[in-house]
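Report on the structure
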Amino acid sequence: MEFRNTNPSHAFTQKADALARMITLDIEITPVGNSTKKFKTKGIWDTGATNSVITQEVADALGISATGITNVNTASETNKPTATYLVDIFLKADLRVQGIEVTLGKINSEHGLDCLIGMDIINLGDLLITSFEGKTWLSFRIPSRGHVDYVDQINRANQIAQDFFKSGKRIDSPCPCNSGKKFKNCHGKDWVKA
């Protein structure tokens, strides 16, 4: 029997050892379908941006021509006519967003930021940012595989704990979720002191 993944996922996790004030990613930008010309830079994730943005430095270095004009709204400008370009963006070596229309804009290029990763790319998959134990982690996968619902997770954990206590079992018994851990180290860790 042959198994074939008909909808392969690509994913990565980026970890910072502290809380990040902005989240950037080392990326490569190429002309559409031409990965021999590469512009290496940092892209900043921006959920407030509708479209992704590149700087004039990227367009010049790649030798690409504008494909059109669109009106852009920013925090300081409304309906500003702006050039558009078609590029491929490699978020990782095996994760390429092909033929994405980006707009030209000013980003903090003196700090190595020549791309803004907007919702046009983010909406292709799932983006998750956590700040657990004072460390910021970003995970991203394409395509989207499902929703993360923290309220549902908390409610399910609370229900498991309540059912466990009603059963009269000892807190060092196995957790009923079948994790293989003791209840006090799994779904009961927020309910009991070990």
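Below you will find a few notes about this structure. (Residues numbered from 1 in each chain as written. Predicted model: local features only at pLDDT ≥ 70, side-chain atom pairs only at ≥ 80, totals over all residues. Heavy atoms only, no water.)

**Examining unusual backbone geometry**
Cis peptide bonds are those with omega within 30 degrees of zero, and the linkage from Ile 142 to Pro 143 qualifies with -5°. Tracing the chain through its elements places Pro 143 in the loop between strand S10 (137-142) and helix H3 (150-167). Its identity is not glycine, yet Glu 133 carries a phi of approximately 55°, on the positive side. Looking at the element boundaries, Glu 133 is found in the loop between strand S9 (126-130) and S10. (Helix = DSSP H or I, 4+ residues; strand = E, 2+ residues; numbered from the N terminus.)

**Description of the side chain of Ser 173**
Here Ser 173 lies in the segment after H3. Each residue touching Ser 173, except ones within four places of it in the same chain, is listed here: Phe 164, Lys 182 and Phe 183. (Contact = heavy atoms within 4.5 Å.)

**Here's the deal with the pairing of S10**
Here S10 shows one buried face, formed by Leu 138, Phe 140 and Ile 142, and one open face, formed by Trp 137, Ser 139 and Arg 141. Two elements, strand S1 (residues 10-15) and S10, share 6 bridges in a ladder whose sense is antiparallel. Residue pairing in the sheet places His 10 in a bridge with Ile 142 of S10. Pairing geometry for S9 and S10, over 5 bridges, is antiparallel. By the bridge assignment for S10, Ile 129 is matched with Leu 138. If you look at the hairpin formed by S9 and S10, you'll find 6 residues sitting between the two strands, and Glu 133 has a positive phi there, around 55°. (Buried < 20%, exposed > 50% of the residue type's maximum accessible area, 1.4 Å probe, protein only. Pairing = 2+ DSSP bridges.)

**Remarks on a nonpolar patch on the surface**
Together, Leu 128, Val 148 and Tyr 150 make up an exposed nonpolar region whose accessible area comes to about 250 Å². Mapping Val 148 onto the fold places it in the loop between S10 and H3. For Val 148, a relative accessible area of 46% puts it in the partly exposed group. (Patch = residues over 30% accessible without salt bridge, like charges linked within 9 Å, V, L, I, M, F, W, Y side chains within 5 Å. Areas by Shrake-Rupley, 256 points an atom, 1.4 Å probe, with all protein chains shown as cover. Salt bridge = Lys/Arg side-chain N within 4 Å of Asp/Glu carboxyl O.)

**Focus: the pattern of salt bridges**
Taken as a whole and judged by the stated rule, the model has 6 salt bridges. Two residues, Asp 26 and Lys 42, come together in a salt bridge whose shortest N-O distance is 2.7 Å. Of this pair, Asp 26 sits in strand S2 (residues 24-31) while Lys 42 sits in strand S3 (residues 39-45), placing them 16 residues apart in sequence. Judged by relative accessible area, which is 53%, Asp 26 ranks as exposed. Lys 38 is the partner of Glu 28 in a salt bridge, and the nearest nitrogen-oxygen pair spans 3.6 Å. Of the two residues, Glu 28 is situated in strand S2 and Lys 38 in the loop between S2 and S3; the sequence distance between them amounts to 10 residues. For Glu 28, a relative accessible area of 19% puts it in the buried group.

**Notes on the packing of aromatic side chains**
Scanning the entire structure with this criterion turns up 3 aromatic pairs. Between the aromatic rings of Phe 12 and Trp 45, the centroid separation amounts to 6.4 Å while the plane-to-plane angle is 40°, which identifies the pairing as tilted. Of this pair, Phe 12 sits in strand S1 while Trp 45 sits in strand S3; the two residues are 33 residues apart in sequence, bridging distant segments of the chain. For the residue pair Phe 12 and Trp 45, the accessibility class agrees, reading buried in each case. It is Lys 15 that lies over the ring of Trp 137; its NZ or CZ is 4.3 Å from the centre. If you follow Lys 92 out to its NZ or CZ, it ends over the ring of Phe 12, 5.3 Å from the centre. (Phe/Tyr/Trp six-rings, centres within 6.5 Å; stacked < 30°, edge-to-face > 60°. Lys NZ or Arg CZ within 6 Å of the ring centre and 35° of its normal.)

Just geometry here; none of it tells us what the structure is for.
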